[in-house]
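Secondary and tertiary structure notes
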Amino acid sequence: MKRLTVHAASRTYPILVGRDVLEELGPAVRRLRGEGQIVVMCDDNVAPLYLERARRSLVSAGLRVSQVILPAGEREKSLARAEELYGVLYDRGVRRTDTVVALGGGVIGDLAGFVAATFQRGAGFVQVPTTLLAQVDASVGGKVAVDFRAGKNYVGTFYQPSLVLADLRTLETLPDRELRCGAAEVAKHGLLAGSAVLRRVRQLARSPLGAAAVTQELVASSIAYKASVVERDEREAGLRAVLNFGHTIGHAIEAATGFRRFSHGEAVGLGLHAALRLSSELCRLPETDEEDGHELLDRLGLPDRLTGVRAEEVCELVSRDKKAGQDGVGYVLLRRPGFPVLGVRVPPALELEVVEWLRKR
Ligand code: NAD
Ligand code: GLY
């Protein structure tokens, strides 16, 4: 087991990573949160797989445990569902000293975290991420939110958990497509961090993508990179925006294809290809690094080509990105792996050319 510590401005907390660390849940929560009651929130895919183990560990530590099981899916990240969950916590007499445990992927983490952050201005919150994406990204750094109308993560706040516990064994039941979503974020962290993280992502890409190939070192180093960014800029005043690398065009592709043709991770994979191409054009990323990056993404099984949408539609959606300022979107690009550049303006003709290139790769 690997133990990391995040020193965010608002809270310092441990992250435990390893195979079978779910057994540590009860003792760790008891140590960090005392004797209060626990409400585990999870979805109906995760409940039959891991709820009993989580409960057993918490109950054995002498904690009073109840649970809420929600339907799986992004639609659950709504204010209506959050309100229903406030009702559940109210009826169960939950107080600030009690703890909400999010057991599941990023949807459950974001929703349960939002509810924990706002119920009585902040109940206890623990993340037990069970997807690769949630382990390396969503559970770390305290962004919690629900979607509002067409706006993804439109209503939310920053609320760091007291503990993150990432059990790699849970990845064994994860569908391949979900594993690829996580692989895209791991590749993003590797390219942004360079050095050891990138080396481990290359190692992952050498074997067929599967839970067995996901090592404790890979997940821990990817988390450590994200934590290092959050520690320097918890509330995204500047630096934290590097984590949008590959997401500008990635999000536009997701939206332009109706959130169906490509999963989030697959769209981010395409966005990363585009960002590498733009980095070479605008930030002098060496050709060998660009080629290495494309090869890495291909080896991870991410799509190599944009299909089913016109380049103009993608560019139109980029210009409507919620992070766009008065003078357009500031891209995150790379000078070298490990050396991101923030806020790069991309001439519209070049943006269109690169999205066209994605269609023809
Ligand atoms: P998800 O939570 O929907 O999980 C994906 C699917 O896998 C679901 O069907 C779920 O039931 C299932 N599942 C989860 N764990 C499983 C397991 N171990 N075995 C089998 N099935 C399992 O999706 P996700 O990709 O984990 O997260 C996406 C969400 O995370 C989005 O809402 C996104 O906005 C959010 N997100 C948040 C942050 C952040 O910083 N807060 C960062 C990235 C993404
Ligand atoms: N996933 C982007 C962030 O946490 O800032």
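These remarks concern the structure in this document. If you're wondering where the values come from, they're calculated on a predicted model, not measured in any experiment.

Spatially, E1-E2-E9-E6-E5-E3-E4 is the arrangement adopted by the seven strands of the open sheet, whose pairing is mixed. In this open sheet, the two strands that pair with only one neighbour each are strand E1 (2-7) and strand E4 (65-70). Each strand axis lies, on average, 20° off the axis of its neighbour in the sheet, ignoring direction. As paired strands, strand E3 (residues 38-43) and strand E5 (residues 99-104) are joined by five bridges and run parallel to one another. For Val39, the partnering residue across the bridge sits in E5 and is Val100.

With that out of the way, let us pick up the environment of Ala187. Within the element layout of this structure, Ala187 appears in helix H6 (residues 176-193). Judged by its relative accessible area of 0%, Ala187 falls in the buried class. C-alpha separation for the pair Ala187 and Gln160, spaced 27 residues apart in sequence, amounts to 24 Å. Filtering out sequence-adjacent residues up to four positions away, Ala187 remains in contact with Val201, Leu272, Leu297 and Leu300.

To continue, consider the environment of Ala61. Looking at the element boundaries, Ala61 is found in the loop between helix H2 (47-60) and E4. A residue is classified by how much of its surface remains accessible, and Ala61, at 15% relative accessible area, is buried. For the pair formed by Ala61 and Ala28, sequence separation is 33 residues and the distance between their alpha carbons is 8.9 Å. Here Ala61 is in contact with Gly26, Pro27 and Arg30, once residues within four sequence places are set aside.

What follows deals with the site of ligand 1. Surveying the vicinity of ligand 1 reveals 26 residues, the closest of which are Asp43, Glu74, Gly106, Thr131 and Thr173. Here an oxygen atom of ligand 1 and a backbone polar atom of Gly106 are 2.8 Å apart. When ligand 1 sits alone it has 860 Å² of accessible area, and the protein chains cover 86% of it. When its residues are assigned to classes, the shell around ligand 1 shows nine nonpolar, eight polar and nine charged.

Looking now at helix H13 (residues 348-360). With 13 residues, H13 extends 19 Å from end C-alpha to end C-alpha; this agrees with the ideal 18 Å at 1.5 Å per step. Residues of H13 that are buried include every one of Leu350, Glu351, Val354, Val355 and Leu358, and no others. Down the axis of H13, the smallest arc covering the buried residues is 135°, so these residues share one side. Exposed side chains of H13 directed beyond 90 degrees from the buried face belong to Pro348, Ala349, Glu353 and Lys360. The inward-facing, buried residues of H13 abut helix H9 (247-256), helix H10 (264-282), helix H12 (311-319) and strand E10 (331-336).

Procedures and definitions
Residues numbered from 1 in each chain as written. Chains lettered and ligands numbered in written order. Predicted model: local features only at pLDDT ≥ 70, side-chain atom pairs only at ≥ 80, totals over all residues. Heavy atoms only, no water. Pairing = 2+ DSSP bridges. Helix = DSSP H or I, 4+ residues; strand = E, 2+ residues; numbered from the N terminus. Axes fitted to C-alpha atoms, helices over the stretch in contact; angles between N-to-C directions. Buried < 20%, exposed > 50% of the residue type's maximum accessible area, 1.4 Å probe, protein only. Contact = heavy atoms within 4.5 Å. Near = heavy atom within 4 Å. Polar contact = N/O pair within 3.5 Å; in protein donor to acceptor, adjacent residues only side chain to side chain. Areas by Shrake-Rupley, 256 points an atom, 1.4 Å probe, with all protein chains shown as cover. Nonpolar A, V, L, I, M, F, W, Y, C, P; charged D, E, K, R; others polar. Expected span 1.5 Å × (residues − 1). Arc of directions from axis to C-beta.

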